[in-house]
Amino acid sequence: MTTTTTYIAFLRAINVGGRTVRMERLRALFAELGLGGVRSYIQSGNVFFTTDEPDRAALTRRIEEHLERSLGYPVPALLRTVDEVAALLAAEPFKGVEVTPNVRLVVAFLSEPLPADLAVPRLSPKGDHEVVGADPGAAYVVVHLRDGKWVTGELFGKAYRGAVTSRFLHTIEKILAAARKG
């Protein structure tokens, strides 16, 4: 018996740094892999699809290889099931964090867990972001805006060698709602 799973692919390097990909083309690239019900949400590389592929690592490699061949540059894909994203939100990883006009709540999806010796919570040297928690698939980051802007930098230092792609918490809530509409 096969089980069909709905995934959300959080893609890195889509529509940033001068690399533009229309969502119509991105959906077509996923459909070319035989994935079902392919849809996307906003222009930042969030793709929903169904598959009966039981091996997530193999599926991730297949997606990343196809995107790199088709687009000409590496596109890390961090796959999460709808249930995993729902559980992440239900866990309230930012509970107790005071949100102000200069604070943003960010989930950094990880391709592999953070190194065991990376202390969490972790405040950046400039105090512009703080990793307040982590689990094997994500780190939870409070961003302190400087002059209304998020000054990006290395969240985890050079010790972390995995792929990371980040989304604002409120955007993940919208992504999950859209994925559930399937």
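So, here is what we can say about the structure in this document. Numbers given to residues run from 1 along each chain, matching the order in which its sequence is written. This being a predicted model, a pLDDT of at least 70 is required before a residue's local features are given, and a value of 80 or more before pairs of side-chain atoms are given or counted; all residues contribute to the totals for chains, interfaces and linings. Heavy atoms throughout the structure, all of them, feed into the side-chain values; hydrogens and water do not.

**Things to note about the layout of surface pockets**
The cut-off we apply is this: Cavities and pockets were defined on a 1 Å grid built from protein atoms only: a cavity is a group of points that admits a 1.4 Å probe but offers it no way out, a pocket is an open group of points flanked by protein on both sides within 12 Å along at least five of seven lines, and a lining residue is one with an atom within 4 Å of any such point. Grid points are joined across faces, edges and corners, and a volume is the space filled by probe spheres set on the points. Each helix is a run of H or I in the DSSP string that is no shorter than four residues. Each strand is a run of E no shorter than two, and both are numbered from the N terminus. Residues are grouped as follows: Ala, Val, Leu, Ile, Met, Phe, Trp, Tyr, Cys and Pro are nonpolar; Asp, Glu, Lys and Arg are charged; all remaining types, including Gly, are polar.
The volume enclosed by the largest pocket comes to roughly 610 Å³. Here the lining of the largest pocket gets five residues from one element, more than from any other, and that element is strand S9 (residues 164–168). Across the lining of the largest pocket, the residue classes tally to twelve nonpolar, eight polar and three charged. Here the second largest pocket is characterised by a volume of approximately 210 Å³. Forming the walls of the second largest pocket are Arg56, Ala57, Thr60, Arg61, Glu64, Ala77, Leu78, Leu79, Arg80, Leu110 and Ser111.

**Let's talk about the environment of Arg104**
Heads up, the rule is: Each residue is placed in one exposure class: buried if its accessible area under a 1.4 Å probe, protein chains only, is under 20% of its type's maximum, exposed if it is over 50%, and partly exposed if it falls in between. Whether two residues touch is decided by their heavy atoms; if any such pair falls within 4.5 Å, the residues are in contact. Here a polar contact is taken to be a pair of N or O atoms separated by no more than 3.5 Å, where protein atoms must pair a possible hydrogen donor with a possible acceptor and residues adjacent in sequence count only if both atoms sit in side chains.
For Arg104, the location among the structural elements is in strand S5 (residues 103–110). The class for Arg104 is partly exposed, based on a relative accessible area of 29%. Along the chain, Arg104 and His144 lie 40 residues apart, while their C-alpha atoms are 6.7 Å from each other. Discounting chain neighbours no more than four positions away, the residues touching Arg104 are Val141, Val142, Val143, Leu145 and Phe168. A polar contact is formed between the side chain of Arg104 and the backbone oxygen of Pro101, at a distance of 3.0 Å.

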